[in-house]
There are 2 protein chains.
Amino acid sequence: MSAYRTLTAADAVDYARRYAGLSDAETLINAEEVGDGNLNLVFKILDGQGVSRVVVKQALPYVRCVGESWPLTLDRARIEAETLLAHGRYCPQHTVRVLHHNAGLAVMIQEDLSSMAIWRRELAYGRYYPQAARQLGEYLARTLFHTSDFYQHPHEKKAEVGRFSNPEMCQITEDLFFTDPYGSHDRNSYEPALDEAVASLQSDSDLKLAVAALKHRFLTKAEALLHGDIHTGSIFVAEDRLKVIDAEFGYYGPIGFDIGTAIGNLLLNYCGLPGLLGPPEAATGREQRLQDIGELWQAFAGRFRTLAAENTRDPALAESGYAGYFLRQVWTDALGYCGTELIRRTIGLAHVADLDTVTDAAMRHKCQHHALKLGKMLIMSAPHIDDAAALMACIRQGG
Amino acid sequence: MSAYRTLTAADAVDYARRYAGLSDAETLINAEEVGDGNLNLVFKILDGQGVSRVVVKQALPYVRCVGESWPLTLDRARIEAETLLAHGRYCPQHTVRVLHHNAGLAVMIQEDLSSMAIWRRELAYGRYYPQAARQLGEYLARTLFHTSDFYQHPHEKKAEVGRFSNPEMCQITEDLFFTDPYGSHDRNSYEPALDEAVASLQSDSDLKLAVAALKHRFLTKAEALLHGDIHTGSIFVAEDRLKVIDAEFGYYGPIGFDIGTAIGNLLLNYCGLPGLLGPPEAATGREQRLQDIGELWQAFAGRFRTLAAENTRDPALAESGYAGYFLRQVWTDALGYCGTELIRRTIGLAHVADLDTVTDAAMRHKCQHHALKLGKMLIMSAPHIDDAAALMACIRQGG
């Protein structure tokens, strides 16, 4: 295993030449650092024509957006590569391809996706990808089914739970989703206009009880190998394609967490649209988001049910009707986790452009209030929202 | 680490002399093999007066009651010793003391409990230990609370889940509790008089759906370090004392599984008593069992609640009212698992003396039918039985 050192742009080019497995590796001559996330170095590796051919991603031993004062395990690079490889085995069409990885250097080479665009940005511009939600549902069903007890042998599953034990990254989620926003915490971040709404949230003991239950399920329910951070900024889209990246939060957790995070980010866009686009475009975009959410769930549940009917290996879980019963629980979990995503992205440490780039302050605060209200409604009403149609109705009623 | 070899009686004496830590080790001169269980060699190590001073327990690399055709991991000896040490840290008064263990030899030396009696045998004779149920509830609360996310740091908890990964022993439970009894399987064992009842059970798709959900929770819900096999044959009692032994099924699972197994074994005695004792003694014994079950739950829930109020470290789970909400779910889980214990002990591979030693065939079958009926009722009605009083009422109505 190689000893860790931070790669320079020149190192990254050299590394890609050696390990990317390109037949014309010598044409790689330049690297462009494009890491705009919170955690890593990301180099596009360019050839003589300036075409990006592969991406070299390296984990830094601290949280990039905070600095060296917040150290963070390099093991997340191994977890990310191994999660993507596991997901790629079951859904290659929607998982970024890992060409090489090295745990010692915390580095991974992945396919270049420059021809695609980050879904969050496209959504903010009102650009519609009618296949994307269905494709994401397909990705979630295939990856989560095949890493669950429906499909994995119980010995293999237990070994995988150990291989994907990810305590430091999980703790970030445990803190940022379920703890910080519900009490006074330095990492929380919101404008004074939200003070009253936040105080109301933080003194709502029924809400905090429901959030405790969601956190406890996140801590205990090892249902499948989650992506763990499946927001619209971790998803590349093109006209007919979708690829998921950034799996460093991968671990065995509740399936509803991935579903809820994905739906939550579509709803964050729903909340932000009136501040991002003119009224007719915003209204159109909102309808598309609701349709996206319905299609995501239908695609996920439909594919999961089909896979369960055809490929369940556990004789007890193969009982007719069990997959449907289980999916009902996943749905309830998903609505709750979706609510926590809306809240933590509005008042916690890590915000989203869908809300924060609304330039008009009054409109921005209105969008943020909407996200908080909708988040709280979802957490409290999750057990009573029976299906996607009922969810649409609740959202149209304003959360 | 020592290479594995099966100990002879003489080896066991020698081993105890060396490693039991007795100041008068040289007085140990004899060993009596008393293993009446399914899995292990168990030697009482005697001194010159014939007094048993310590117990040497060694795992065999196969299932003893079946033979070398069913191999079984020796790692269960390490898991057992480490589970007992972990439980002993939080409840020394009710956990057998481990004096020494060696993973390579799959051997453990534990304190001698010859002055106490196996609870199952005492119950079959109609002997009442009025402290036992409360003490067992205390053991369950202290061991399960302190190994749960209420108390353990999330990093420590995840490491412990790995340390106590116990795939082979868990698979025994997964198969014997949740799969075999609900379909035709060679390992099932029951008399022809039960054919009709078994056929009815195995064609009950609602029941099988509920059992699938219980199995799925057993596979996924890592709530605390369970004993994993806490039946009345794993419990020593004396007038004012109770000690738990035999923790080779230890793993991180749903708390309700331990509670349900414990209650289930008290109910197996309840079902068997009319065949074991004369009518007045049986009636008295049954009332004592119902009282035991109520006291076990009250002791468990009361202590868990107190520990949660005083010692919860997770800031979200510390929310007032959360422990109570969680215990309601544990109760529901426990009733379901209790039902599966009643059924699998009646028609599966491993039976209990409470039913099997009833000598009159017609009475034995009546007791067994009762256990099946009660088991099914508990699995199906678990979500609707609100508390111990409601459970008593259901049981008195005949299951």
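Conventions we followed
- Residues numbered from 1 in each chain as written.
- Chains lettered and ligands numbered in written order.
- Predicted model: local features only at pLDDT ≥ 70, side-chain atom pairs only at ≥ 80, totals over all residues.
- Heavy atoms only, no water.
- UniProt positions renumbered as here; feature names shortened; annotations may be inferred.
- Helix = DSSP H or I, 4+ residues; strand = E, 2+ residues; numbered from the N terminus.
- Rg over C-alpha atoms; globule rule 2.2 N^0.38 Å.
- Buried < 20%, exposed > 50% of the residue type's maximum accessible area, 1.4 Å probe, protein only.
- Contact = heavy atoms within 4.5 Å.
- Areas by Shrake-Rupley, 256 points an atom, 1.4 Å probe, with all protein chains shown as cover.
- Pairing = 2+ DSSP bridges.
- Axes fitted to C-alpha atoms, helices over the stretch in contact; angles between N-to-C directions.
- Domains from an automatic or database assignment.
- Buried area = accessible area lost by both parts, 1.4 Å probe.
- Salt bridge = Lys/Arg side-chain N within 4 Å of Asp/Glu carboxyl O.
- Polar contact = N/O pair within 3.5 Å; in protein donor to acceptor, adjacent residues only side chain to side chain.
- Nonpolar A, V, L, I, M, F, W, Y, C, P; charged D, E, K, R; others polar.
- Least-squares fit on C-alpha atoms with pLDDT ≥ 70 in both.

An unreviewed UniProt entry lists chain A under the name Methylthioribose kinase, with Sodalis ligni as the source organism. Under the heading Function (unreviewed entry), UniProt records this for chain A: "Catalyzes the phosphorylation of methylthioribose into methylthioribose-1-phosphate." Quoted verbatim from the Pathway (unreviewed entry) field of UniProt, the annotation for chain A is "Amino-acid biosynthesis; L-methionine biosynthesis via salvage pathway; S-methyl-5-thio-alpha-D-ribose 1-phosphate from S-methyl-5'-thioadenosine (hydrolase route): step 2/2."

### A closer look at the overall build of chain A
In terms of regular secondary structure, chain A is built from 14 helices and twelve strands. The C-alpha atoms of chain A give 21 Å as radius of gyration, which agrees with the globular expectation for 399 residues (21 Å, within 12%). If you line up chain A on its principal axes, its C-alpha atoms span 60 × 55 × 40 Å. Counting only residues that meet the buried cut, chain A has 61% of its 399 residues in that class. Restricting to contacts in chain A with at least 6 residues of sequence separation, those with at least 24 account for 74%. Counting every atom, chain A has about 14700 Å² of accessible surface; 50% of that belongs to carbon and sulfur.

### Focus: the environment of Leu355 of chain B
Residues and elements named next belong to chain B. Relative to the assigned elements, Leu355 resides in helix α12 (residues 353-356). The exposure class assigned to Leu355 is buried, which follows from its relative accessible area of 1%. Separated by 157 residues in the primary sequence, Leu355 and Val198 have C-alpha atoms spaced 16 Å apart. Contact partners of Leu355, with chain neighbours within four places excluded, come to Leu268, Cys271, Gly272, Thr346, Arg364, Cys367, Gln368 and Ala371.

### Describing the sheet that holds strand β11 (residues 241-244) of chain B
Residues and elements named next belong to chain B. Spatial ordering of the open sheet is given by β8-β10-β11, a layout of three strands whose pairing is antiparallel. Each edge of the open sheet is held by one strand with a lone partner, namely β8 (117-118) and β11. Pairing between β8 and strand β10 (residues 235-238): two bridges, direction antiparallel. Counted as the bridge partner of Ile118 is Phe236 from β10. Sheet strands touched by helix α4 (residues 132-146): β10 and β11. Its angle to β11, the strand with the most contacts, is close to 45 degrees.

### Looking at the domain arrangement of chain A
All names here are of chain A. When its domains are assigned, chain A resolves into domain 1 (9-111) and domain 2 (117-396). The centre of domain 1, based on its C-alpha atoms, is set 26 Å off from the matching centre of domain 2. At the interface, 26 residues of domain 1 touch 30 residues of domain 2. In total, domain 1 and domain 2 occlude about 2500 Å² of area from one another, counting both sides; carbon and sulfur atoms represent 60% of this. Inspection of the domain 1/domain 2 interface yields four salt bridges. Here Lys243 ties to Glu111 by a salt bridge, and the two come within 2.8 Å at their closest N and O atoms. Where domain 1 touches domain 2, the interface holds 15 residue pairs in polar contact (both at pLDDT 80 or more). Among the residues forming the side of domain 1 that touches domain 2, the class breakdown is eleven nonpolar, eight polar and seven charged.

### Notes on unusual backbone geometry
Backbone geometry at Asp246 of chain A places phi at a positive 60 degrees, although glycine is not the residue there. Inspection of the secondary structure puts Asp246 of chain A in the loop between β11 (241-244) and β12 (251-253).

### Description of the relation of the copies chain B and chain A
For these two chains of identical sequence, chain B goes onto chain A by a turn of 180 degrees and a shift of 0.0 Å along the axis, with RMSD 0.0 Å. Expressed as an axis order, the relation between the two copies is that of a two-fold axis. Scanning chain B for the C-alpha nearest the rotation axis identifies Lys221 of chain B, at a separation of 2.4 Å. Take the interface residues of chain B: 100% of them recur as interface residues in chain A, which is what a same-surface contact looks like.

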